[in-house]
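Listed here are the chains, written in short residue letters.
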Amino acid sequence: MPALREAEVAPSSSSTIVNGINVTDLFALIEGVKRDASTGTTSWRVTTTWGGQTHSRSQVEAFRIGGQRVPRRFSIDIDEPRELGGGDVFANPQEHLLAALNACMTVGYVAQCAVRGITIEKLEIETEGDIDLRGFLGIDPAVPPGYENLRYVVRIKGNGSQEEFAEIHRAVMATSPNFHNVSQRIALQPTLVVE
């Protein structure tokens, strides 16, 4: 989220919840990280195990913020469509990737609107992209195995002006972690352990 001066966007004293976001807590987080950058360091981990065929289950056990471990218990099941060798029981990795991008940007829109006092009536993000299976299947090394581009449409309605929503849109693109992760090259550091 861009640096916001409280004087510009301070919530009214009568209401600290906007779009379900506790704006007072959000400003406290922003101010805390401004005072001590180490409190804003987060670490995320997911462990994925194979469940047979193309099914996998990813487990979330905790994340770290400001050096503190915070327990969380979630599982995410993933599969492939039958046409790609799967059982078609769960969404596939591509659908989870697009959902993660959309969900991250959704948080950005909601928070950016909340700190500006803009109430959202509707927010929908639709993302799509094309993958040529010749790359994934190793048929043609010149064909990338993944997306070359993604197209997305944000539909938002609320009590903000066209200019305010355009500013929020730019802010989300500038600050969304998954917008950054998907739009920029990330260095992967693999380690293979054969047991």
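Attention in this report is confined to the structure presented alongside it.

Criteria and cut-off values
- Residues numbered from 1 in each chain as written.
- Predicted model: local features only at pLDDT ≥ 70, side-chain atom pairs only at ≥ 80, totals over all residues.
- Heavy atoms only, no water.
- Disulfide = S-S within 2.5 Å.
- Axes fitted to C-alpha atoms, helices over the stretch in contact; angles between N-to-C directions.
- Helix = DSSP H or I, 4+ residues; strand = E, 2+ residues; numbered from the N terminus.
- Parallel < 35°, antiparallel > 145°, perpendicular 65-115°, else oblique.
- Left-handed = near helix turned anticlockwise from the far one by under 90°.
- Contact = heavy atoms within 4.5 Å.
- Nonpolar A, V, L, I, M, F, W, Y, C, P; charged D, E, K, R; others polar.
- Core = buried A, V, L, I, M, F, W, Y, C linked by side-chain atoms within 4.5 Å.
- Buried < 20%, exposed > 50% of the residue type's maximum accessible area, 1.4 Å probe, protein only.
- Expected span 1.5 Å × (residues − 1).
- Arc of directions from axis to C-beta.

Some words on the state of the cysteines
Turning to step 1, where the next piece is worked out: Under the counting rule described, the total for this entry stands at zero disulfides.
Turning to step 2, where the next piece is worked out: There is no disulfide at Cys113, and the cysteine sulfur nearest it, in Cys104, is 15 Å away.

Here we look at the packing of helix α3 (residues 93–115) against helix α5 (residues 162–175)
Turning to step 1, where the next piece is worked out: Packing of α3 against α5 leaves a shortest axis separation of 9 Å and a crossing angle of 135°. Classified by the interaxial angle, the pair formed by α3 and α5 is oblique. The hand of the α3/α5 crossing is right-handed. Residues Met105, Gly108, Tyr109, Gln112 and Cys113 of α3 touch α5, and the partners they reach there are Phe165, Ile168, His169, Ala171, Val172 and Thr175.
Turning to step 2, where the next piece is worked out: Each residue belonging to the contact of α3 with α5 can be placed in one class, and the counts come to seven nonpolar, four polar and no charged.

Considerations on the nonpolar core
Turning to step 1, where the next piece is worked out: Listed in full, the 12 residues of the largest apolar core are Leu101, Met105, Tyr109, Val110, Cys113, Ile118, Ile120, Ile125, Phe165, Ile168, Val172 and Phe179.
Turning to step 2, where the next piece is worked out: Broken down by secondary-structure element, the contributors of at least two residues to this core are α3, β7 (120–129) and α5.
Turning to step 3, where the next piece is worked out: Looking at this core, the element that brings in the most residues is α3, giving five residues.
Turning to step 4, where the next piece is worked out: Once residues within four sequence positions are removed from consideration, Ile125 is found in contact with Asn102, Met105, Thr106, Tyr109, Tyr152, Val153 and Val154.
Turning to step 5, where the next piece is worked out: Core analysis: the next-biggest nonpolar cluster, separate from the first, contains eight residues, Val18, Phe27, Ala114 and Val115 among them.

Section: α5
Think of an α-helix as 3.6 residues a turn; residues three or four steps apart then line up on the same face.
Turning to step 1, where the next piece is worked out: End to end, α5 covers 20 Å across 14 residues, agreeing with the expected 20 Å (1.5 Å per residue, within 8%).
Turning to step 2, where the next piece is worked out: Those residues of α5 not exposed but buried are Phe165, Ile168, Ala171 and Val172. Buried residues along α5 cover an arc of 120° about the axis, so they all sit on one side. Exposed residues lying more than 90 degrees from the buried face of α5 are Gln162, Glu163, Arg170 and Ala174.
Turning to step 3, where the next piece is worked out: Looking at the buried positions of α5, the neighbouring elements they touch are α3 and β8 (150–158).

In short, shape yes, function no, at least from these values alone.
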